[in-house]
Amino acid sequence: MTVTDNTTNRLDSLGASGDGPSFAILDEESKREIRRALLQAVAVPGYQVPFGSREMPVARGWGSGGLQVTLAIVGPDDTVKIIDQGDDEGVNAVNLRRLVVSSTGIPETTEAREASIIQSRHRIPEDELTATQTLVLQVPVPEPLRGIERDVRELARMHAEADYSRMWVSLYEDKVRNGVITQSTGYPCLVNGRYVVATTPIPRWDIPRLHMSQFLTLFGAGREKRVYAIPPHTIVEPLTFDDVPFEVERIEGAACRLCGSTDSFLVDSSGEVDSWACSDTAWCRARRSQG
Amino acid sequence: MGLQRHRMVQGQEVAGMRGPSPIPTPDPVLTVNGLGKIYGRDDAGTIDRTGSDAGSARDPITGAIVAAWDVNFEVAAGEAIGIVGESGSGKSTVLRCIAGDLEATSGDVRLSTHMEGRSNVLLADPATRRRMRIDQLSVVYQDPSEGLALSVTAGGNIADPLTAAGVRSFAKIRERASELLSRTEVPLNRMDDIVRNFSGGMRQRVQIARALANKPRILLLDEPTTGLDASVAAGVLDLIRGLLEELDLAAVVVSHDFSVIEMLTNRCIVMHHGRVVESALTDQLLEDPHHPYSQRLVSAARA
C-alpha cells in the first residue's frame, strides 16, 4: 500500500498543477514535439516531417494523427469543428469531438465559419475558410509515391531529388488504360513547385481550394508518424498533363435532394437512384434554413 | 606497318606510343582515363599481384578483387568502341562505373555534355549523375528488366525519361513514343501493352527506344543481344548499327561475342582479369591479335 501511495504521490507531483489530467490530453513535452514538427512542416511546404506519434485513446487509422495535431495546437480560446466525410454527426467525428472538448473545455460548433480549428477526414467545408482558421486533415497514407515504390530509402531519394517521373508515368498509364485520369480522392499535388503530396483523402472537388488558400492546412498521419503542411498563399498544383485538364467531380444534372444545391460536393445519400445530397451537412442545413 | 605501328599491347610499347587510345580521337564525347574498380581491402602491392600477367583479378594476399584497373579510352561522336573479354574480365564493370551504377575506385571520366568536359563525372554527386542519365548518357542492359519497368506499357517506359526531362504534354509523349517505337520496329499496336508480355527481342527494342528518348549523345550497350536467339539478335544488331550511324552517337559496346563487336565497332579494347591487354582497330584485332590472350579469344571465336 505504501508503495502505491508513494507512486501515486510522485505521479501527482509530476503533473504541472497536480489537479487531474493535462489540458488537451497530451503532456506539454509531447505537444511541443508535435508543434516543432508542424513548424518544420510549415517552413518546408509539402515535406513529410516525422514525429513521435503517441498512443491515443482512438486506434491508429481512426484519426489519431489529426487528433494529435489538433491537441498540439489547440488553446483555451479555440472553437473546434470535427467532421467525418462532410458530416458532424459521423460516429468517429462525434467521438473525436467529445474527446477534444472534454479534455480542453473549449466550445464546439458545426458552423465552419465559427470554428478556429476544423478537423476533417474527407472534406474541406464548402464555406470559404479564412486566415484565422486552421484545417487539420487526418491522413491514412501520407506517402504519395507509396503505390509506385515501397523502399523507403528510395522514396526519400525521390523526394530529395524531386524525381517524380514515375508518378507522371503512373498518370500516363492511367490515362492510356482508362482514357481519363481516374485517381479520385487523394489526388497528388505539387506543393510550392517542390514536393508532391498526397491530399488524402479529400475528393478532387476540394483540391482547387488548397491552392493559394487563406487558411493553413495541417496533415497528420498517426499510424505512419508523419505531419506535413500547406501554408496559406501556397501554390498547389494537381499533377496533370498540360493537355489533359484537371477536372473535379461533377454529375450531370445532379442536385442535392435536400437543399437543391448543384454547386457543392454531392454524395449518393441513400443508395437509391438520383438521391444526391450535399456531403457537407452543416452547409446544406444552413442553406435550407436560409430558404 | 601502317596503322599497326600505333597499336598498344600491355607490357610492351609497340611503337613507342602509349596512350588512352591507339589513334588520337578528335573531340571526344566520352573520355575515360585510369578507370579502376577494386572490391575489398587492397594494399600497395595489390595492383602488381593481380591482372592478366598474374593470371587472376584476385589479390592472393589481401583477397581484394581488382575488377578493373587502368582503363583508358576515348569515343567521338559517330564512333563505337567495343570492350571484349570473357565473363568476369571486368568489361561490364567499366561500363557500369561510367554509367554511375557502380562507384569507381579511381579514374577520370569526362563527358563533353557535362560542363563541356571540364569536370570528372566520377566526382559528381549521385543526383547529378542520375540527371546525366536523363538526356546525356543512356544504357541498354543485357537484361531488359534492368532498363525497363516490366509492369508498365511500352509507351509508359518511354514516358519516364521524357517526363523526367520535363515534358508535360500527353500528346507530345504519345507522339515521341510512337516515333521511337516505329524506329526500333516495335509494332505500334503494342505500344499500350505492358512490357512483361513482350518477347525478349521486343523488350530489347523497347529498351533501346527508351534509351534514345531524350536524344543522348552517349549510348552504353551491355551485351545488348546476349540471351536472344540468333535470328532475333541479328535483327536487333542491325537496328543498333543503323541507329549508331544515323544518330551520330558515341557508343560503348560491351560483349563477349566477337560478331557483335565486329558488326558495331570501329575500335575495341580487350580485357582480361580486369586489365586492358590490347587496344586496336576492330578488324585488325580480328585478323592479327597481338596479346596471347587476344589470340586465344579470337581463335576461339573463329573456330
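Computed from a predicted model, the values in this text were never measured in an experiment.

Points about the overall build of chain A
Within chain A, the secondary structure is distributed over seven helices and 11 strands. The C-alpha atoms of chain A give 21 Å as radius of gyration, which agrees with the globular expectation for 291 residues (19 Å, within 12%). With the C-alpha coordinates of chain A rotated into their principal frame, the extents come out at 75 × 55 × 35 Å. Within chain A, buried positions represent 51% of all 291 residues. A total of about 13900 Å² of accessible surface is found on chain A, and carbon and sulfur atoms cover 51% of it.

A word on the pattern of salt bridges
What the rule picks out here adds up to 32 salt bridges over all chains. Ionic pairing is found between E161(A) and R130(B), a salt bridge with its closest N-O pair at 2.5 Å. One end of the pair, E161(A), is in the loop between α5 (152–160) and α6 (165–178); the other, R130(B), is in helix α2 (residues 126–135), on a second chain. With a closest N to O distance of 3.0 Å, D101(B) and R133(B) form a salt bridge. Of the two residues, D101(B) is situated in the loop between α1 (91–99) and β5 (106–111) and R133(B) in helix α2; the sequence distance between them amounts to 32 residues. Salt bridges linked by common partners bring E154(A), R157(A), E161(A), D163(A) and R130(B) together as one network.

Some details on the sheet that holds strand β9 (residues 236–238) of chain A
Residues and elements named next belong to chain A. Within the open sheet, the three strands sit side by side as β6-β5-β9. Their pairing is antiparallel. Edge positions in the open sheet fall to β6 (195–197) and β9, since each of these has one partner strand only. Each strand of the sheet is rotated relative to its neighbour by a mean of 30 degrees, with strand direction disregarded. Bridge analysis of strand β5 (residues 189–191) against β6 gives three bridges, and the strand direction is antiparallel. Across the sheet, the residue bridging to C189 is V197, located in β6.

Description of the domain arrangement of chain A
Residues and elements named next belong to chain A. When the domains of chain A are assigned, the result is domain 1 (5–144 + 184–238) and domain 2 (254–291). If you look at the interface, domain 1 gives 11 residues, while domain 2 gives nine residues. Approximately 910 Å² of surface area, both sides summed, lies buried where domain 1 meets domain 2, with 52% of it carried by carbon and sulfur atoms. The tally of links between domain 1 and domain 2 comes to zero salt bridges. At the boundary of domain 1 with domain 2, the tally comes to six residue pairs in polar contact (both at pLDDT 80 or more). Within the side of domain 1 that touches domain 2, the residues separate by chemical class into three nonpolar, two polar and six charged.

What to know about empty space enclosed by the protein
All names here are of chain A. Using the criterion set out here, one finds five cavities of 30 Å³ or more in the structure. By volume, the largest cavity amounts to about 80 Å³. As for the largest cavity, its lining consists of 14 residues, and the residues nearest its centre are G61, G63, S64, V139 and G222. Ranked by the residues each element gives to the lining of the largest cavity, the list is headed by helix α3 (residues 64–73), at three residues.

Regarding the interface of chain B and chain A
Interfaces are frequently sized by the accessible area removed from exposure as the parts join. Counting residues at the interface gives 20 residues for chain B and 15 residues for chain A. Both sides together, the interface formed by chain B and chain A hides about 1500 Å², and carbon and sulfur atoms give 62% of it. The largest per-residue losses of area from chain B upon contact with chain A belong to R130(B), R168(B) and F170(B), which jointly make up 44% of the total buried on that side. The tally of links between chain B and chain A comes to eight residue pairs in polar contact (both at pLDDT 80 or more). Looking at the side of chain B that touches chain A, the elements with two or more residues in it are α2, α4 (154–164) and α5 (170–183) of chain B. Counting residues per element, the side of chain B that touches chain A draws most heavily on α4(B), which supplies six residues. Residue composition of the side of chain B that touches chain A, by class: nine nonpolar, six polar and five charged.

Regarding the packing of helix α2 (residues 28–43) of chain A against α3(A)
Each pair of packed helices can be summarised by the angle the axes make with each other and by the distance between the axes. Residue and element names in this part refer to chain A. Running from N to C, α2 and α3 cross one another at 105 degrees; their axes reach a closest spacing of 9 Å. If you check the angle between α2 and α3, you find them roughly perpendicular. Of the residues in α3, those in contact with K31, I34, R35 and L38 of α2 are Q68, V69, L71, A72 and I73. Classifying every residue of the contact of α2 with α3 by side-chain character gives six nonpolar, one polar and two charged.

Some thoughts on the packing of α6(A) against α4(B)
Across the interface, α6(A) lies against α4(B) with an axial gap of 8 Å and an inter-helix angle of 140 degrees. In terms of orientation, α6(A) and α4(B) fall into the oblique class. For the element pair α6(A) and α4(B), the recorded crossing hand is right-handed. Judged by residue contacts, S165(A), R166(A), W168(A), V169(A), Y172(A) and E173(A) of α6(A) engage G155(B), G156(B), A159(B), D160(B), T163(B) and A164(B) from α4(B). The class makeup of the residues in the contact of α6(A) with α4(B) is five nonpolar, four polar and three charged.

Definitions and cut-offs
Each chain has its residues counted from 1, running along the sequence as written. Chains carry letters and ligands carry numbers; both start at the beginning, A for chains and 1 for ligands, and go up in the order they are written. Totals for whole chains, interfaces and linings use all residues, but because this is a predicted model, local features are given only for residues with pLDDT of at least 70 and pairs of side-chain atoms are given and counted only at 80 or more. Derived side-chain values reflect all non-hydrogen atoms in the structure, with water molecules and hydrogen atoms excluded from consideration. Only DSSP runs of H or I covering at least 4 residues are called helices, and only runs of E covering at least 2 are called strands; the numbering of each starts at the N terminus. We compute the radius of gyration from the C-alpha atoms alone; for a globule the expected value is 2.2 Å times N to the 0.38, where N is the number of residues. The classification of residues rests on relative accessible area computed with a 1.4 Å probe and restricted to protein chains. Under 20% of the type maximum is buried, over 50% is exposed, and intermediate values are partly exposed. All accessible-area figures derive from a Shrake-Rupley calculation using a 1.4 Å probe, and residue coverage is judged against the displayed protein chains alone. Salt bridges are defined by distance alone: a side-chain nitrogen of Lys or Arg within 4 Å of a carboxyl oxygen of Asp or Glu. A pair of strands is considered paired only if DSSP assigns at least 2 bridges between the two. Note on definitions: angles span 0 to 180 degrees between N-to-C directions of axes, and those axes are lines fitted to C-alpha atoms, for helices only across the stretch in contact. Domain limits in this description derive from either an automatic procedure or a database domain assignment. By definition, residues are in contact when any of their heavy atoms lie within 4.5 Å. Accessible-area loss on putting two parts together, using a 1.4 Å probe and summing over both, is the definition of buried area adopted here. Polar contacts here mean pairs of N or O atoms no more than 3.5 Å apart (in protein, one a potential hydrogen donor and the other a potential acceptor; neighbouring residues in sequence count only if both atoms are side-chain atoms). Charged residues are taken to be Asp, Glu, Lys and Arg, nonpolar residues to be Ala, Val, Leu, Ile, Met, Phe, Trp, Tyr, Cys and Pro, and polar residues to be all remaining types, Gly included. Of the two site types, the cavity is a set of points on a 1 Å grid over the protein atoms alone where a 1.4 Å probe fits but cannot get out, and the pocket is an open set with protein on both sides within 12 Å along at least five of seven lines, each lined by residues with an atom within 4 Å of a point. Grid points are joined across faces, edges and corners, and a volume is the space filled by probe spheres set on the points. Roughly parallel refers to an angle under 35 degrees, roughly antiparallel to one over 145, roughly perpendicular to one between 65 and 115, and oblique to any angle outside these ranges. The crossing is said to be left-handed when, going from far helix to near helix, the turn is anticlockwise and less than a right angle, and right-handed when the turn is clockwise.

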